[in-house]
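Reading the structure
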Amino acid sequence: MMKGIDILPGMVGQKRAKLALLLLAINPHCGGVVFSGPVGTGKSLIAQLLRDLLPTEVPFVKIPLHVTEEAMWGGLDFERSLKTGKALLTKGILERAIGGIVLVDDINLLSPSALYGLLRHLDEGAISLVATANPLAGPVPSAIWERMGFYVLLEEFEDEPNRAEVIRFNLGRNVSEDGKARLLVAQARQRLKEMEVPEEVIKAIACRVLAHGITSHRRDIYLLEAAKAYAALWGENKVLEAHVEAVKSLVLFSEPPPAFLTPPDPPPAASESTKGTHAHDALPPGPRQGRSKDEVFEVGATFEVRRLFFPMDRLRRSSDGRRTPTQAKKQGGRQVGVTLTGKKDIALSATVRAAAPYQTRRGRTTSLIIKDEDLRFWRRAKKTGHLVIFVTDASGSMGVNRRMAATKGAIMSLLMDCYKYRDRVAMVAFRGEKASVLLPPTSSVTLAARRLREMPVGGKTPLNAGLISAYEMVVAQARRMPEMRFVIVLVTDGRANVSISKEPVMSEFVKLAEKMRKLPRTDFLVVDTEDKSSLLKTDRAKKVAALLGAKYFVMEELGAKKIADIVRGIGT
Amino acid sequence: MIFPFTAIVGQEKMKEGLIVNVIDPSINGLLIMGERGTAKSTAVRALADLLPERPAVKDCPFNCDPEGDLCPVCAERKAAGEKLPMVMTKMRVVELPLGITEDRLVGTLDIELAIKRGERHFSPGILAEANRNFLYVDEVNLLEDYLVDLLLDAAAMGVNTVEREGISFTHPARFILVGTMNPEEGELRPQLLDRFGLVVDVHAIVDAESRVEVIKRKASFDNDPRGFLKRWEEAQSSLRERISRARALLTRVKFTDEILYKIVSVSTELGIYGHRGDIAALKAARALAALDGRESIELRDVEEAIRLAFPHRLRKMPFDEMDKEGKTLESLLNR
């Protein structure tokens, strides 16, 4: 067993996590580490451990999720400034962290401006980052992945001794009370300064990174730095290929990690009592009936659907521009400016600015004199209107008579429409035994189009699994963006034949549909891909639409010719 | 310590796009499209560091050029007969953070003076800092649209005009705008794309030997920055001189009707909107000729310039891949 790694007695299992922490503590040039995993895997606890490894003089600063801009960057200390009449600045969190480590819990929920600060400091090598992420709460920004040396996916412990150990560990926190780990790190930090890196090791690094299909030059540097730290940890003064090999799997992760692209087992949405029946999920998505080969169809003819979402867009603009009483009450949205009229949502800095020039005249002695006419209020705008989630049936039946080419054409047409209205899009496809997220929410329609082109068909029709994926996505996104509206576009012939529980497909679907309809701010659109000229038509998708309370169109009706009907249909 | 520009491995197109902008800042900036980890920001910082120092008015927040456009404060001092004090400064890279507020970008009321003395004074923003410097916007496609508008307006006019909170102020804001974007993470509206003078596509190097060189140089720089800079000083000063000579030569470079027709024929054939592309192509061709020490534009300058000035201005569906457009452009140039 590796003595260096077992030095953290409190951490159960999770060798990779331990190694990542040690390497980062030894060599801050490793960039940082993201610990990802579902709730309850000890992510935050593990991230905290880094503090116990670092030399005491290294700053270790936590950034809370809802950090204000002032706190992040430092800013005007209003209270003291007003008292003294001098502009006094407070030190921001980032400034305090320079030369040390920043800890962020749930980094996928961090605000863009805080994120920017992190990135800049990371690029300047001023800080290193240790972060946690819960895959279900949304994707980690890829700019973060790019700058992280390590990625560690934490798993839940199944075996009892380990679980018991976790509990013990939780009770008495101080892991490295004997200070052994800290000493080890300090010694390694010393050795790092004299570390020799032979040319063939650099070659090995470049080749390994390329062989992994990674092109960013940062990866090479991180692999080198990690190997150096590893060598230092083992008391070496020269990096060997074996050291590169030992840290390779920590550094060479693909971005975004697979965990984000394929959600874990679907939760028991339709059937709470069937734990343990997901065993079949582990089977490879192989067709058991119908067409037996995966095929990729090209994108068929596209057409104009431009007015399809028109009524929804109008909805969005009214919430952007005019303020209805309900919205005025809520303080959601992004602050886009200040106004003279408003109620509770006072913009402090603007108010102070407005009052400032009159202070001498008003006879200010100690505190600022603010009159009614100085008051300024935030004007807020909602974030971009819609997230359109395409849930596409990619089962074998979609390949019959090349239906998939036409279907892809229809989806592409809808994508163009989304581009026009600057909607965000996401894509889920279901086939074989399960659904997978082809594209997490993004504003890049280009990327969506590429994923659509590459999407293969084949296998059975796990429609319910597809809907659950969309369900989870809406729930996660709705939490992050309270203003977002959702449209789930289900593209299918409706011939569902795989359930996620033991229940029959249809009764499972009925329960699921009921749940889906309760989703906040969500509209449904079902596009029926069945060939209606066929004698074998079943109109199953129509029933699916009815149960979801969805607007329903046969694929051929999506074209511009039929617009009038659609506009009348949606948004009423 | 800044990594030397000439020590950056490969990425010749990006280097060229930056250099021509430095030779002729009226080209209106460069948009760098491409993957992460391809030395984009390293290159901008390195180029700023390479360039020779230039005179500026001492302690002027707008970094005024004593011989050029002056801010209202400096103009007033000069008009009063004062001899403006000078310092030599290097060009800087001013970064525009994504989460920036409008206040911080354009400048606003100086709150300290307002409280203390009840006077209204202008407190400069990022656009003031950027005057005569590089303004670097990482992931410009993720910047709020209204901020991009403000930014590009200032870039095109070369001045920043502020009318807010009882403040009325105009100052020079001539900067070299460098934006980066990864097209996979969201598009930039075509009308905004058009405002960037030139565009380059960058890709990571996939040849193992060059990558080894990248790692070696970076590691060697990190280990001993001073020694590394010394080894590169000759290459650095030679490029520095070439750029200085090109700047001096620029206005003497002549172009013929043939050159103009070449540009226009390609742009009409490609169906390029507006005239910004044509002008940017001509200016880039002129800067390339100057960089080469010539007083006349040659066909190869034009071809190279077109490759820089047209790709982002092609009429296209959002889903077309850049490569495809590139091929059309290449086939036209090779005719």
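For the structure, check the block above.
Structural notes on the overall build of chain A
- A tally of regular secondary structure across chain A gives 23 helices and 15 strands.
- Per-residue burial for chain A yields a buried fraction of 53% across its 572 residues.
- Taking the intrachain contacts of chain A between residues at least 6 apart in sequence as the baseline, contacts between residues at least 24 apart amount to 80%.
- Accessible surface computed for chain A: about 25,800 Å², of which carbon and sulfur atoms make up 54%.

Regarding the overall build of chain B
- Within chain B one finds 14 helices and eleven strands.
- Counting only residues that meet the buried cut, chain B has 53% of its 335 residues in that class.
- A separation threshold of at least 6 residues defines the contact pool for chain B, and within that pool the share at least 24 residues apart is 76%.
- Surface summary for chain B: the accessible area is close to 14,800 Å², and the carbon and sulfur share equals 52%.

Concerning the sheet that holds strand β5 (residues 150-153) of chain A
Residues and elements named next belong to chain A.
- On the basis of which strands lie adjacent, the open sheet formed by five strands has the order β2-β3-β4-β1-β5 and parallel pairing. What marks the edges here is a single partner per strand, and that holds for β2 (60-63) and β5. Sheet twist, expressed as the average angle between the axes of neighbouring strands with direction ignored, equals 15°.
- Looking at chain direction, strand β1 (residues 32-36) and strand β4 (residues 128-133) are connected through five bridges and run parallel. Residue pairing in the sheet places Gly-32 in a bridge with Leu-129 of β4.
- Strands β1, β3 (101-104), β4 and β5 of the sheet are contacted by helix α1 (residues 15-26), whose axis makes an angle of about 155° with β5.

Things to note about the environment of B:Ile215
- Here B:Ile215 is to be found in helix α9 (residues 208-223).
- Once residues within four sequence positions are removed from consideration, B:Ile215 is found in contact with A:Ile202, A:Ile205, A:Ala206, A:Asp220, A:Ile221 and A:Leu224.

Digging into the pattern of salt bridges
- Tallied over the full model, the rule gives 47 salt bridges over all chains.
- In this structure, A:Asp220 and B:Arg211 form a salt bridge, with 2.5 Å as the shortest nitrogen-oxygen distance. Placement of the pair is A:Asp220 in helix α11 (residues 217-233) and B:Arg211 in helix α9, with the two residues belonging to separate chains. Both residues of the pair, A:Asp220 and B:Arg211, count as buried.
- A:Lys537 is the partner of A:Asp539 in a salt bridge, and the nearest nitrogen-oxygen pair spans 3.6 Å.
- Taking relative accessible area as the criterion, A:Lys537 reaches 39% and is therefore assigned partly exposed.
- Taken together, the salt bridges that share partners define one network made up of A:Asp493, A:Arg495, A:Asp528, A:Glu530, A:Lys532, A:Lys537 and A:Asp539.

A few points about the packing of aromatic side chains
Residue and element names in this part refer to chain B.
- In the structure shown here, the tally under the stated rule is eleven aromatic pairs over all chains.
- The interplanar angle of 25° and the centroid separation of 5.7 Å between the aromatic rings of Phe-62 and Phe-169 together place this pair among those described as stacked. Of this pair, Phe-62 sits in the loop between β2 (54-57) and α3 (72-79) while Phe-169 is found in strand β9 (residues 167-172), placing the two residues 107 residues apart along the sequence.
- Here Phe-221 and Phe-228 contribute two aromatic rings whose centre-to-centre distance is 5.7 Å and whose plane-to-plane angle is 75°, an arrangement assigned as edge-to-face.

A word on the nonpolar core
- Counting residues in hydrophobic clusters, the biggest one holds 64 residues, and the most contacted among them are B:Phe5, B:Leu18, B:Leu47, B:Phe134, B:Leu198, B:Ile243 and B:Phe310.
- The greatest single-element share of this core, amounting to ten residues, is contributed by helix α12 (residues 276-291) of chain B.
- Formed jointly, this core draws a minimum of three residues from each of two domains, domain 1 (25-51 + 90-202) and domain 2 (251-333) of chain B.
- Excluding anything up to four places from it in sequence, B:Leu47 contacts B:Phe5, B:Leu18, B:Ile19, B:Val22, B:Phe134 and B:Ile243.
- By size, the runner-up hydrophobic cluster in this structure holds 56 residues, among which are A:Leu50, A:Val152, A:Val244 and B:Ile215.

Structural notes on the side chain of A:Glu503
- One can find A:Glu503 in the loop between β13 (485-492) and α21 (505-517).
- Only 3.2 Å separates the side chain of A:Glu503 from the side chain of A:Ser507, close enough to count as a polar contact.

With respect to the packing of α9(B) against helix α10 (residues 225-249) of chain B
Residue and element names in this part refer to chain B.
- Orientation of α9 relative to α10, taken along the N-to-C sense of each, is 125°, at an axis distance of 5 Å. Viewed along their axes, α9 and α10 adopt a mutual orientation that is oblique. Together, Arg-217, Ser-220, Phe-221, Asp-222 and Asn-223 of α9 and Pro-225, Phe-228, Leu-229, Arg-231 and Trp-232 of α10 make up the contact between the two elements.
- A per-class count over the contact of α9 with α10 returns five nonpolar, two polar and three charged.

Observations regarding α11(A)
- Taking 1.5 Å as the rise per residue, α11(A) with 17 residues should run 24 Å; its terminal C-alpha atoms sit 25 Å apart, in good agreement.
- At the C-terminal side of α11(A), A:Gly235 shows a positive phi close to 75°.

Some words on the pairing of strand β15 (residues 551-554) of chain A
All names here are of chain A.
- Bridge count for strand β14 (residues 522-528) against β15 is four bridges, and the pairing is parallel. Paired with Val-526 across the strands is Tyr-552, a residue of β15.
- One crossover worth recording links β14 to the parallel β15 by way of helix α22 (residues 540-548), and it is right-handed.

Some remarks on unusual backbone geometry
- The phi torsion at A:Asp106 lies on the positive side, around 55°, for a residue other than glycine.
- Along the chain, A:Asp106 turns up in the loop between β3 and α6 (112-123).

Some thoughts on the pairing of β1(A)
Residue and element names in this part refer to chain A.
- Of all five residues in β1, five are buried; the element is thus mostly enclosed.
- Looking at chain direction, β1 and β5 are connected through four bridges and run parallel. Counterpart to Ser-36 in the pairing with β5 is Leu-153.

Focus: the sheet that holds strand β11 (residues 198-202) of chain B
All names here are of chain B.
- With respect to topology, five strands assemble into an open sheet ordered β4-β7-β10-β1-β11, the strand pairing being parallel. Lying at the two open borders of the sheet, with one neighbouring strand each, are β4 (93-95) and β11. Across the sheet, the mean angle separating the axes of adjacent strands is 20° when strand polarity is ignored.
- Examined bridge by bridge, strand β7 (residues 134-137) and strand β10 (residues 176-181) share four bridges and lie parallel to one another.

Conventions and cut-offs
- Residues numbered from 1 in each chain as written.
- Chains lettered and ligands numbered in written order.
- Predicted model: local features only at pLDDT ≥ 70, side-chain atom pairs only at ≥ 80, totals over all residues.
- Heavy atoms only, no water.
- Helix = DSSP H or I, 4+ residues; strand = E, 2+ residues; numbered from the N terminus.
- Buried < 20%, exposed > 50% of the residue type's maximum accessible area, 1.4 Å probe, protein only.
- Contact = heavy atoms within 4.5 Å.
- Areas by Shrake-Rupley, 256 points an atom, 1.4 Å probe, with all protein chains shown as cover.
- Pairing = 2+ DSSP bridges.
- Axes fitted to C-alpha atoms, helices over the stretch in contact; angles between N-to-C directions.
- Salt bridge = Lys/Arg side-chain N within 4 Å of Asp/Glu carboxyl O.
- Phe/Tyr/Trp six-rings, centres within 6.5 Å; stacked < 30°, edge-to-face > 60°.
- Core = buried A, V, L, I, M, F, W, Y, C linked by side-chain atoms within 4.5 Å.
- Domains from an automatic or database assignment.
- Polar contact = N/O pair within 3.5 Å; in protein donor to acceptor, adjacent residues only side chain to side chain.
- Parallel < 35°, antiparallel > 145°, perpendicular 65-115°, else oblique.
- Nonpolar A, V, L, I, M, F, W, Y, C, P; charged D, E, K, R; others polar.
- Expected span 1.5 Å × (residues − 1).
- Right-handed = clockwise from strand over helix to strand, strands pointing away.

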